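Take a look at the letters that make up each chain.
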Amino acid sequence: GHREPRRATVRPYLLEPSLQTHALYLIGWDEERAAMRTFKVERIRDLTLVPRTFDEPQADVVAQLRNAWDIIADQPATEVVLRFRPEVAGRVREAQWHPSQRVGELADGSLEWHATVAGTIEIRLWILQWGSDVEVLEPAALREDVATTLREALGRYARPAG
């Protein structure tokens with residue numbers, strides 16, 4: 001939806017490009033919300049530099065940013081567990097998709113993949129790119145969200161094109 005613009009006083013920590021959306025994001029401390037927030041640079045209408053300084057963020061803030069799948073780091077840490085089919089297990093295993101990932105091979109050759117990520121908004125898109133080669137085991141809400149998306153897609157293909 002379309003939200004009303006708001007005024008924010010932000011301590012800028014990072015400017016980060018997103019691999020997924022090809023946009024630039026400002027990550028910093030939002031003083032009004034008293035929390036880390038991610039701002040899409042193109043959505044910033046106007047800005048003013050204020051003559052104030054702030055201490056650099058503590059190490060745990062930087063660690064929190066590393067939990068982001070792509071850009072969003074201000075969501076609760078979520079344990080995601082996926083099962084990949086044997087046909088793609090090698091492809092999944094050869095890449096470091098996230099710093100927290102842990103993988104294990106199951107008896108049938110499929111791969112169980114675990115990671116702790118900041119929320120599931122961004123990883124959801126990555127999961128959907130794997131189509132039928134992946135199954136979300138946890139969390140339940142993400143499993144249901146992905147299942148609903150795939151059911152809706154299947155519904156489109158149940159009808160003739162046009």
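Before going into details, it helps to say that this report is about the structure given with it. If you're wondering where the values come from, they're calculated on a predicted model, not measured in any experiment.

### So, the sheet that holds strand 1 (residues 10-17)
And step 1. One open sheet holds the three strands; their spatial order is 1-2-3, and the pairing between them is antiparallel. At either end of the open sheet lies a strand with only one pairing partner, and these are strand 1 and strand 3 (35-40). Here the strands of the sheet are splayed against their neighbours by 25 degrees on average, with no regard to which way each runs.
And step 2. As paired elements, strand 1 and strand 2 (residues 24-30) share seven bridges and run antiparallel to each other. Its bridge partner lying in strand 2, proline 12 is registered against glycine 28.

### Structural notes on the packing of helix 3 (residues 121-129) against helix 4 (residues 140-158)
Packed helices, taken two at a time, are described by the angle their axes make and the gap between the axes.
And step 1. Running from N to C, helix 3 and helix 4 cross one another at 50 degrees; their axes reach a closest spacing of 11 Å. The orientation of helix 3 relative to helix 4 falls into the category oblique. Our pair here, helix 3 against helix 4, has a crossing hand that is right-handed. Contacts between helix 3 and helix 4 involve Ile123, Arg124, Ile127 and Leu128 from the first element and Leu142, Asp145, Val146, Thr149 and Leu150 from the second.
And step 2. In terms of residue class, the contact of helix 3 with helix 4 is built from six nonpolar, one polar and two charged.

### What about the packing of aromatic side chains?
And step 1. All told, the structure shown has seven aromatic pairs when counted by the stated rule.
And step 2. With a centroid separation of 5.9 Å and an interplanar angle of 65 degrees, the aromatic rings of phenylalanine 84 and tryptophan 126 are classed as edge-to-face. Of this pair, phenylalanine 84 sits in strand 4 (residues 77-84) while tryptophan 126 is found in helix 3, placing the two residues 42 residues apart along the sequence. The same class applies to phenylalanine 84 as to tryptophan 126, namely buried.

### Some words on the pairing of strand 5 (residues 102-105)
And step 1. Of the strand pairs in this sheet, strand 5 and strand 6 (residues 111-118) are connected by four bridges, and their pairing is antiparallel. Its bridge partner being in strand 6, glutamate 105 is matched across the sheet by leucine 111.
And step 2. Turn length for the strand 5-strand 6 hairpin, with the two strands adjacent in sequence and antiparallel, is five residues, and the turn residue glycine 109 shows positive phi of about 90 degrees.

Rules and cut-offs
- Residues numbered from 1 in each chain as written.
- Predicted model: local features only at pLDDT ≥ 70, side-chain atom pairs only at ≥ 80, totals over all residues.
- Heavy atoms only, no water.
- Pairing = 2+ DSSP bridges.
- Helix = DSSP H or I, 4+ residues; strand = E, 2+ residues; numbered from the N terminus.
- Axes fitted to C-alpha atoms, helices over the stretch in contact; angles between N-to-C directions.
- Parallel < 35°, antiparallel > 145°, perpendicular 65-115°, else oblique.
- Left-handed = near helix turned anticlockwise from the far one by under 90°.
- Contact = heavy atoms within 4.5 Å.
- Nonpolar A, V, L, I, M, F, W, Y, C, P; charged D, E, K, R; others polar.
- Phe/Tyr/Trp six-rings, centres within 6.5 Å; stacked < 30°, edge-to-face > 60°.
- Buried < 20%, exposed > 50% of the residue type's maximum accessible area, 1.4 Å probe, protein only.

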